[in-house]
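Architecture at a glance
Chain by chain, the residues run as shown.
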Amino acid sequence: MTRYRHLLRQVRTLGRYPSDAEAERALHAVLAVLGSQLTGEERCDLAVVLPEQARAVLANQIPLPEPVAAPAFVEAVADILGTSLTAARWDTSSVLAAVTDLADDHLTDRILTRLPRGYALLFGRADLTVAA
């Protein structure tokens, strides 16, 4: 099984999609929006761990000057997929959980430090803050 097929299978399983085509549609939408959010080493390091087809989707996006808040990320996914915010949140979390399986914890932590607060839950992690 190719690395891309393995990633697609993970997305399909996590998202409980009835077909590979639906899982792939979600995968491409989320990676496209993520590609517009990440810059620098984190973007490059994530691209390295992604299979070629997924890497191309991420890399073909022009990063925004500043990443958007997590709710705006989900809205962008909803717009691409033509779904509700609830469905887009599910799609986003399913894809990002599969992507974090490819990336190690250190890379995922680095990605989360580059994004505004609120993304951790989309990546399947607790969104903890340090008490002052």
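Further up the page is the structure itself.
For the structure given in this document, a descriptive report is provided here. As the structure is a computational prediction, the values presented were derived from the model and not from experiment. (Residues numbered from 1 in each chain as written. Predicted model: local features only at pLDDT ≥ 70, side-chain atom pairs only at ≥ 80, totals over all residues. Heavy atoms only, no water.)

A few points about the overall build of the chain
Per the secondary structure count, the chain includes seven helices and zero strands. Its helices and strands in sequence order give the chain the pattern α-α-α-α-α-α-α, from N to C terminus. Compactness check: the chain gives a C-alpha radius of gyration of 14 Å against a globular reference of 14 Å for 132 residues, within 12% of the reference. Dimensions along the principal axes, computed over C-alpha positions, put the chain at roughly 45 × 30 × 25 Å. Buried positions account for 42% of the 132 residues belonging to the chain. Of the contacts formed within the chain by residues at least 6 apart in sequence, a portion of 63% connects residues at least 24 apart. When the 13 basic and 16 acidic side-chain charges of the chain are each reduced to a single mean position, those positions are 4 Å apart. (Helix = DSSP H or I, 4+ residues; strand = E, 2+ residues; numbered from the N terminus. Rg over C-alpha atoms; globule rule 2.2 N^0.38 Å. Buried < 20%, exposed > 50% of the residue type's maximum accessible area, 1.4 Å probe, protein only. Contact = heavy atoms within 4.5 Å. Lys, Arg positive; Asp, Glu negative; His and termini not counted. Charge placed at Lys NZ, Arg CZ, Asp CG, Glu CD.)

Section: the nonpolar core
Of all hydrophobic cores here, the largest spans 41 residues; its most connected members are L34 and L46. Of all elements in the fold, only helix 1 (3–15), helix 2 (20–35), helix 3 (40–49), helix 4 (52–59), helix 5 (70–81), helix 6 (85–102) and helix 7 (105–114) reach the threshold of two or more residues within this core. With nine residues, the top contributor of residues to this core is helix 2. (Core = buried A, V, L, I, M, F, W, Y, C linked by side-chain atoms within 4.5 Å.)

Describing the environment of D45
Relative to the elements of secondary structure, D45 occurs in helix 3. C-alpha of D45 to C-alpha of A103: the two residues are 58 residues apart in sequence and 8.7 Å apart in space.

A look at the pattern of salt bridges
Pairing between side chains of opposite charge can happen when the charged atoms of each approach one another. All chains considered together, the criterion is met by seven salt bridges. Between E42 and R110 there is a salt bridge, and its shortest N-O distance comes to 3.5 Å. Remark: R110 occurs in helix 7 and E42 occurs in helix 3; sequence separation between them is 68 residues. Summarising the burial analysis for this pair, E42 and R110 share the class buried. Salt-bridge contacts for E42 lead to R114; the nearest nitrogen and oxygen are separated by 2.9 Å. You can see E42 sitting in helix 3 and its partner R114 sitting in helix 7, a full 72 residues away along the chain. Assessed through its relative accessible area of 47%, R114 is described here as partly exposed. (Salt bridge = Lys/Arg side-chain N within 4 Å of Asp/Glu carboxyl O.)

Observations regarding the side chain of D91
Relative to the assigned elements, D91 resides in helix 6. There is no salt bridge for the buried D91, and the closest opposite charge comes from R25, which lies 6.6 Å off by N-O distance. Beyond its immediate chain neighbours, meaning those up to four positions away, D91 contacts Y17, A26, V30, L81 and T83.

Some points on helix 1
An α-helical turn contains 3.6 residues, so any two residues separated by three or four positions project in the same direction. Relative to the 18 Å expected for 13 residues at 1.5 Å per residue, helix 1 spans 18 Å between its end C-alpha atoms, a close match to the ideal helical length. Along helix 1, the positions that sit buried rather than exposed are Y4, L7, L8, Q10, V11 and G15. Projection of helix 1 onto a plane perpendicular to its axis shows the buried side chains occupying an angular sector of 155°, all on one side. For helix 1, the secondary structure elements touched by its buried residues are helix 2, helix 4 and helix 6. A positive backbone phi angle near 55° is found at R16, which sits one or two residues after helix 1. (Expected span 1.5 Å × (residues − 1). Arc of directions from axis to C-beta.)

Focus on the packing of helix 2 against helix 6
Orientation of helix 2 relative to helix 6, taken along the N-to-C sense of each, is 80°, at an axis distance of 9 Å. Looking at the two axes, helix 2 sits roughly perpendicular to helix 6. Every residue of helix 6 that contacts helix 2 at A26, L27, V30, L31 and L34 is listed here: D91, T92, V95, L96 and V99. Here the residues of the contact of helix 2 with helix 6 sort into eight nonpolar, one polar and one charged. (Axes fitted to C-alpha atoms, helices over the stretch in contact; angles between N-to-C directions. Parallel < 35°, antiparallel > 145°, perpendicular 65-115°, else oblique. Nonpolar A, V, L, I, M, F, W, Y, C, P; charged D, E, K, R; others polar.)

All quantities given are derived from atomic positions and should not be read as evidence of function.
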